[in-house]
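# Chains, contacts and geometry: an overview
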Amino acid sequence: MTHSATPDGGVVALAGGIGAARFLRGLVQVVAPGALTVVANTGDDLRLHGLHISPDLDTITYTLGGGVHPVQGWGRADEHHTVAAELAERYGVPGWFTLGDRDLATHLLRTGMLADGATLSQATARIAAAWNLPFRLLPMTDDPVATMVETTDGRTLHFQEWWVGERAKPDVVAVGLEGAATARPAPGVLEALGQASVVLLCPSNPVVSIGTILDVPGIRPALRQKPVVGVSPIVGGRVVRGMADRLLPVLGADVSAAAVADLYSDFLDGWVMDTADRGGVPAVQSLGIVARVTDTIMRTDAVSAALARSVLDVATEVVRR
């Protein structure tokens, strides 16, 4: 494996779930081992069946550890659902959020550690070590937070209830991170940002992944002190995965690569978009942001690596400005 020159202070990547994990598969090919820190969204975390579940942390772990379901892009490969079936069929427990048997082992370990007084960071470090991740993985915060959505029918739902349980059918009028006001960045997050030569925004949902990380007090101001380059999660006016198209209008933003760059414009220095969004380059440049286009549809690890190289090339240009 060939690695490109890594900035002296290393690289910090802010990450959501599937899109981020696929980008990271390329990034670890071009950044030297030990030089990368990944800060992951925990707004999606939830408690179910008494277990603490961290969907984005686990998707990153399974993908980079080689155990993710190859078609879904989340959950475990070679998975079985004996426990889920028993809960549903024998006990009548609603199965709107299905946990596989192998996946349950991760949640049991995490929940047990938390019950014994460990922090989410400590549990994450143990799980990451077991999967031999080639970078440091940190939750955005150890404090309890939850992404909540308000629907047009007057309900307030946990993001996972809306997205998975109700298949995102209700329209949304507001999104917020419950607990954000008193949350603190997890140990090591601000230190990693302070030491980094460049910060990368993975192609993750700008509202409930990257946006949620930015809601943790102290993180957004820290980014204003660093070169920041991001990858657009919007391609040709459409989302690649997820529901950003349903949530961006809640913030008053268009569903476009340029509009997402504008959301980050108080700290963003470079923006990499798909070739389908070449027409948005002038709008991004008008914000004082370096804009580049390339193939961002990560069909293979080779495409992910090429995208990562393009992002680091933009980072080098930004630093030299």
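Reading the values: rules and limits
Residues numbered from 1 in each chain as written. Predicted model: local features only at pLDDT ≥ 70, side-chain atom pairs only at ≥ 80, totals over all residues. Heavy atoms only, no water. Helix = DSSP H or I, 4+ residues; strand = E, 2+ residues; numbered from the N terminus. Rg over C-alpha atoms; globule rule 2.2 N^0.38 Å. Buried < 20%, exposed > 50% of the residue type's maximum accessible area, 1.4 Å probe, protein only. Contact = heavy atoms within 4.5 Å. Pairing = 2+ DSSP bridges. Axes fitted to C-alpha atoms, helices over the stretch in contact; angles between N-to-C directions. Phe/Tyr/Trp six-rings, centres within 6.5 Å; stacked < 30°, edge-to-face > 60°. Arc of directions from axis to C-beta. Salt bridge = Lys/Arg side-chain N within 4 Å of Asp/Glu carboxyl O. Core = buried A, V, L, I, M, F, W, Y, C linked by side-chain atoms within 4.5 Å.

## Notes on the overall build of the chain
In terms of regular secondary structure, the chain is built from 13 helices and 14 strands. Computed over C-alpha atoms, the radius of gyration of the chain comes to 19 Å, within 12% of the 20 Å expected from 2.2 N^0.38 for 321 residues, which places it in the range of a compact globule. A principal-axis box enclosing the C-alpha atoms of the chain has dimensions of 60 × 45 × 40 Å. Taken over 321 residues, the chain has a buried fraction of 52%. When contacts within the chain are restricted to residue pairs at least 6 apart in sequence, those whose partners lie at least 24 apart make up 70%.

## Side note on the sheet that holds strand β7 (residues 156–158)
With respect to topology, three strands assemble into an open sheet ordered β7-β6-β8, the strand pairing being antiparallel. For this open sheet the edge positions go to β7 and β8 (172–178), each flanked by a neighbour on one side alone. With direction set aside, neighbouring strand axes in the sheet form an average angle of 30°. With three bridges connecting them, strand β6 (residues 146–151) and β7 associate as antiparallel partners. Along β7, the bridge assignment pairs V149 with L157.

## Regarding the packing of aromatic side chains
Tallying each qualifying case throughout the model produces six aromatic pairs. With 6.1 Å between their ring centres and 50° between their planes, F159 and W162 make a pair best called tilted. Pair noted here: F159 and W162 are both in helix α6 (residues 159–165), with a separation of three residues, about one helical turn. The burial state of F159 is the same as that of W162; both residues are buried.

## Focus: helix α5 (residues 120–130)
Three or four residues apart is the spacing at which side chains of an α-helix point the same way, because the helix has 3.6 residues per turn. When we look at burial in α5, the residues that qualify are L120, S121, A123, T124, I127 and A128. One side of α5 holds all its buried residues, which, seen down the axis, span an arc of 160°. Exposed side chains of α5 directed beyond 90 degrees from the buried face belong to R126, A129 and A130.

## Topic: the pairing of β6
The side chains of a regular strand alternate, residue by residue, between the two faces of the sheet. Burial of β6 is extensive: five of the six residues sit out of reach of the surface. Between β6 and β7, which follow one another and run antiparallel, lie four residues, and G154 among them has a positive phi close to 90°.

## Thoughts on the pattern of salt bridges
As enumerated under the stated definition, the model contains 12 salt bridges in all. Between D58 and R110 there is a salt bridge, and its shortest N-O distance comes to 2.4 Å. Of the two residues, D58 is situated in helix α2 (residues 55–65) and R110 in helix α4 (residues 101–115); the sequence distance between them amounts to 52 residues. Here the two residues D58 and R110 agree in accessibility, since each one is buried. Notably, a salt bridge pairs D295 with R299, separated by 3.2 Å at the nearest N-O pair. Judged by relative accessible area, which is 60%, R299 ranks as exposed. Where salt bridges share partners, they join D153, R155 and E166 into one cluster.

## Things to note about unusual backbone geometry
Even without a glycine there, the phi angle at N132 is positive, about 55°. For R167, which is not glycine, the phi torsion reads 55° and is therefore positive. Position of R167 among the secondary structure elements: in the loop between α6 and β8. For R167, a relative accessible area of 65% puts it in the exposed group.

## Things to note about the nonpolar core
Ranked by internal contacts, the top residues of the largest apolar core, which has 51 residues, are L14, W162, Y264 and W271. With four residues, helix α11 (residues 257–263) is the single largest residue contributor to this core. In this view, L14 contacts V39, V199, L200, L201, C202, I210, I213, L214 and L223; residues no more than four positions away in its chain are not counted. V30, V31, I60 and L120 belong to the second-largest nonpolar core, a separate cluster that totals 42 residues.

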